[in-house]
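Coordinates in review
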Amino acid sequence: AKNNGRKCLHFFHSTMENYSIQRIEMERQLRHALDNHEFRLFYQPQFNLETGAIDGAEALIRWQHPQKGLIAPDEFIPMAEDTGMIVPIGEWVLKQAWAECQNWHRAGHALRVGVNLSAHQFNHAQLTDLASMVLSDTIIDASFLELELTESLVMRQAEDTLTALNALKKSGIRLAIDDFGTGYSSLSYLKQFPIDRLKIDRSFVGDLANNPNDAAIVVAIIAMAHCMGLEVIAEGVETEEQLKFLRMHDCNQVQGYLTGKPLPANEFLALLSAKPEP
Ligand code: C2E
Ligand code: CA
Ligand code: CA
Ligand code: CA
């Protein structure tokens, strides 16, 4: 048994070592990617059910790797968070997305851009400074920028979270809760935060037509949000049936493959500029 214990200990040490070597290597690669402009933002349309127009787009990062091709965010954002590289990468995302939003406005398309923020970035003291820097000397109103925060980030204890959210809100930026319903929000708690919109997680939307529990949850989220004066957007909308259900229950916007996949910036702008079918 003693021998076994030692083996385990040895194993533990060597995997920890590997882990930190991997981490340093990953950090180096992410830094290199940022310096070499290998990150790209794709934009996914958000479709307003009342007006029938695209009224926003979510910016979604990809890594255009010279050897491996296009890498999805789930494959590198967790590492970017672990290594702290999410702070400079997130800064790039915010600046890039806001610059692109100004392009749309210049081309005559007044829509919002949504930017994902991870908890680590949020803790970083400079976020409000960064936001005011990004917003200074721009031609468009801060309300065209929407930051997407997760429930767990917002709900975490804390007075300073509320202070930071209020500061962002005061600058005119919109705030949305991402993946709503998957975290642990207390609804009464939610009321204290200066939130503008809930994004219903796609796990409730996928089986909406067949699963009465999911349907009930979605209806309840929409009703509750509207009672609190919030807008609601449903994510992951893939079928006409889901769209019809959401429209019937007064969901404000939808985002999903049905109304448009995430597109590179130039293709998204082309989509906006295309004349609607007569
Ligand atoms: P998310 O914020 O929940 O983004 C929505 C994800 O759902 C995107 O995946 C999008 O491509 C995908 N999606 C959209 N419509 C549909 C649909 O109809 N069906 C299905 N099955 N999926 C759909 P993506 O682009 O791979 O991003 C994954 C996650 O990576 C995002 O989830 C977000 O948490 C994170 N992420 C992306 N960009 C950034 C970023 O710039 N910063 C940070 N911190 N996180 C990011
Ligand atoms: Ca999001
Ligand atoms: Ca989401
Ligand atoms: Ca998600």
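Keep in mind it's a predicted model, so treat the numbers as computed, not measured.

Notes on the coordination of the calcium ion (ligand 4)
Tetrahedral metal sites with four donors have an ideal angle of 109.5 degrees; octahedral sites with six donors have ideal angles of 90 or 180 degrees. Around the calcium ion (ligand 4), the protein contributes the donor atoms D179 (OD) and D179 (OD), at 2.8 to 3.1 Å from the metal centre. Relative to the helices and strands, D179 resides in strand 6 (residues 174–180).

A few points about the coordination of the calcium ion (ligand 2)
For the calcium ion (ligand 2), the full set of protein donor atoms is E58 (OE), N116 (OD1), E148 (OE) and D178 (OD), at a range of 2.2 to 2.3 Å. Separating the calcium ion (ligand 2) and the calcium ion (ligand 3) is a distance of 3.8 Å, and D178 donates to both of them. Remark: D178 occurs in strand 6 and N116 occurs in strand 4 (residues 112–116); sequence separation between them is 62 residues. Assessed through its relative accessible area of 8%, D178 is described here as buried.

Description of the pattern of salt bridges
A side chain with one charge may pair with a side chain of the opposite charge, provided their charged atoms come close. Within the structure shown, the criterion is met by 10 salt bridges. Between E25 and R28 there is a salt bridge, with the nearest N and O atoms lying 3.1 Å from each other. You can see E25 and its partner R28 sitting in helix 1 (residues 2–35), three residues apart, about one turn around the helix. One salt bridge connects K169 with D196, and the closest N-O pair in it is separated by 2.8 Å. With K169 in helix 7 (residues 159–170) and D196 in the loop between helix 8 (187–190) and strand 7 (197–200), this residue pair connects regions lying 27 residues apart in the sequence. Look at K169 and you get partly exposed, because its relative accessible area is 24%. On the basis of relative accessible area, D196 is assigned to the buried category, the value being 18%.

Considerations on the pairing of strand 2 (residues 54–65)
For strand 2, a buried count of 10 out of 12 residues is recorded, marking the element as mostly surrounded by other parts of the structure. As judged from the nine bridges shared by strand 1 (residues 39–48) and strand 2, these two strands associate in the antiparallel manner. Note on strand 2: the bridge partner recorded for R40 is R62. One ladder, built from four bridges, connects strand 2 with strand 4; its direction is parallel. Residue pairing in the sheet places A59 in a bridge with V115 of strand 4. For strand 2 and strand 3 (residues 69–71), the ladder comprises three bridges, and the chain directions are antiparallel. Note that in strand 3 the partner of W63 across the bridge is I71.

Looking at the site of ligand 1
Inspection of the region around ligand 1 gives 21 residues, with Q44, R62, R202, E238 and Y257 positioned closest. Contact distances for ligand 1 include 3.0 Å between a nitrogen atom and a side-chain N or O atom of Q44. I61 places a main-chain nitrogen or oxygen 3.1 Å from a nitrogen atom of ligand 1. When contributions to the shell around ligand 1 are tallied by element, the ones reaching two or more residues are strand 2, helix 3 (86–106) and strand 6. Broken down by element, the residue count for the shell around ligand 1 peaks at four residues, all from strand 2. Here the residues of the shell around ligand 1 are counted per class, giving eight nonpolar, five polar and eight charged.

Conventions and cut-offs
Residues numbered from 1 in each chain as written. Chains lettered and ligands numbered in written order. Predicted model: local features only at pLDDT ≥ 70, side-chain atom pairs only at ≥ 80, totals over all residues. Heavy atoms only, no water. Donors = N, O, S within 2.8 Å, 3.2 Å for Na, K, Ca; no water. Helix = DSSP H or I, 4+ residues; strand = E, 2+ residues; numbered from the N terminus. Buried < 20%, exposed > 50% of the residue type's maximum accessible area, 1.4 Å probe, protein only. Salt bridge = Lys/Arg side-chain N within 4 Å of Asp/Glu carboxyl O. Pairing = 2+ DSSP bridges. Near = heavy atom within 4 Å. Polar contact = N/O pair within 3.5 Å; in protein donor to acceptor, adjacent residues only side chain to side chain. Nonpolar A, V, L, I, M, F, W, Y, C, P; charged D, E, K, R; others polar.

Just geometry here; none of it tells us what the structure is for.
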